[in-house]
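Given next are the chains, with one letter for each unit.
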Amino acid sequence: QQPVQSPQAVILREGEDAVINCSSSKALYSVHWYRQKHGEAPVFLMILLKGGEQKGHDKISASFNEKKQQSSLYLTASQLSYSGTYFCGTESLRRGDMRFGAGTRLTVKP
Amino acid sequence: EPEVTQTPSHQVTQMGQEVILRCVPISNHLYFYWYRQILGQKVEFLVSFYNNEISEKSEIFDDQFSVERPDGSNFTLKIRSTKLEDSAMYFCASRTGAGNTIYFGEGSWLTVV
């Protein structure tokens, strides 16, 4: 029931781009992206709702393909502050539930 | 900015003891959640709570776990007889409605010895 994320880990140099994917076997109402720094609570990045949209702020954006039940998070021109574990959370059409993927550990090096 | 608050931030307990973790969700929120994260692992869903009842629970949330909303502000997670494998960070979260942002508390770190 939980979404599947890939890759499990990414190592980048500052300024490089990365894509993190999230897929579900269930029809989705929304996809949520969070970033978690070590020892801290997950921090909200963005929500994508049913209807197939793309969102972004700064150099982080995401897309949601509801037909394929997939979402991708795009990080462009990565900064050191982007390091952390990225989780996608998916909400089914039944709504109210929220399950998280296993996370993608992103490390940005100088 | 309103936030979800959790207490205690850290608790050490002996195996077999009961533990209550407390949360104060954001005041106008209607959906409440408990998640668990074992050190270095993923965030695992435990339970969701809406309209004064459990709306969904995971396979982790067995008879040893219970949740309550004893008054209009608190939301508690009780573990009746703790096991070593219950050691984890427990996050409370809340949101106004389905499809909206889930806000996490800072977590309660539980260590069972």
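Rules and cut-offs
Residues numbered from 1 in each chain as written. Chains lettered and ligands numbered in written order. Predicted model: local features only at pLDDT ≥ 70, side-chain atom pairs only at ≥ 80, totals over all residues. Heavy atoms only, no water. Helix = DSSP H or I, 4+ residues; strand = E, 2+ residues; numbered from the N terminus. Rg over C-alpha atoms; globule rule 2.2 N^0.38 Å. Buried < 20%, exposed > 50% of the residue type's maximum accessible area, 1.4 Å probe, protein only. Contact = heavy atoms within 4.5 Å. Areas by Shrake-Rupley, 256 points an atom, 1.4 Å probe, with all protein chains shown as cover. Lys, Arg positive; Asp, Glu negative; His and termini not counted. Charge placed at Lys NZ, Arg CZ, Asp CG, Glu CD. 1 Å grid on protein atoms, 1.4 Å probe; cavity = no way out; pocket = protein on both sides within 12 Å on 5 of 7 lines; lining within 4 Å. Points joined across faces, edges and corners; volume = space filled by probe spheres on them. Pairing = 2+ DSSP bridges. Axes fitted to C-alpha atoms, helices over the stretch in contact; angles between N-to-C directions.

K.L.:
In this structure, what is going on with the overall build of chain B? I would like to understand it.
P.N.:
Scanning chain B for helices and strands turns up zero helices and 11 strands. Mapped in sequence order, the helices and strands of chain B form the string β-β-β-β-β-β-β-β-β-β-β. Over its C-alpha atoms chain B spans a radius of gyration of 13 Å, differing by no more than 12% from the 13 Å that the globule rule assigns to 113 residues. Residues classed as buried in chain B amount to 48% of the 113 residues present. When contacts within chain B are restricted to residue pairs at least 6 apart in sequence, long-range pairs at least 24 apart make up 53% of them. In the structure as shown, chain B presents an accessible area of about 5500 Å², 46% of it carried by carbon and sulfur atoms. For chain B, the centre of its 9 positive side-chain charges and the centre of its 14 negative side-chain charges are spaced 3 Å apart.

K.L.:
Explanation requested: unusual backbone geometry in the structure shown.
P.N.:
In terms of backbone geometry, most residues other than glycine have negative phi values and most peptide bonds are trans. That bond from A:S6 to A:P7 is cis: its omega, -5°, falls within 30 degrees of zero. Positionally, A:P7 belongs in the loop between β1 (4-6) and β2 (9-13). A cis geometry characterises the amide bond from B:T7 onward to B:P8, with omega recorded as -10°. Mapped onto the secondary structure, B:P8 falls in the loop between β1 (5-7) and β2 (10-13).

K.L.:
When you look at the layout of surface pockets in this model, what are you seeing that I'm missing?
P.N.:
Space left empty within the atom packing is revealed by a probe, the size of a water molecule, rolled over the atoms. The volume enclosed by the largest pocket comes to roughly 400 Å³. Lining the largest pocket are 22 residues, and of these A:Q36, A:H38, B:Q37, B:G40 and B:Q41 sit closest to its centre. The set of elements that each furnish at least two residues to the lining of the largest pocket consists of β9 (84-92) and β11 (104-109) of chain A together with β9 (88-95) of chain B. Top contributing element to the lining of the largest pocket by residue count: β9(A), with three residues. Estimates place the volume of the second largest pocket at around 260 Å³. For the second largest pocket, the lining is made up of 16 residues, of which A:P42, B:E3, B:Y103, B:F104 and B:E106 are closest to its centre.

K.L.:
Hey, could you run me through the sheet that holds strand β3 (residues 19-24) of chain B in this one?
P.N.:
All names here are of chain B. Spatially, the four strands line up as an open sheet ordered β1-β3-β8-β7, and their pairing is antiparallel. The strands lining the two open edges of the sheet, one partner per strand, are β1 and β7 (65-68). Pairwise comparison of adjacent strand axes, ignoring direction, gives a mean angle of 20° for this sheet. Sheet topology places β1 next to β3; three bridges connect them, and they run antiparallel.

K.L.:
Would you take a moment to explain the environment of A:T85 for this structure?
P.N.:
Residues and elements named next belong to chain A. Mapped onto the elements of the fold, T85 is located in strand β9. Residue T85 is classed as buried on the basis of its relative accessible area of 15%. Linking T85 and D17, residues 68 residues apart in sequence, is a C-alpha distance of 16 Å. Ignoring anything within four residues of it in the chain, the contact list for T85 reads Y34, R35, Q36, G103, T104 and R105.

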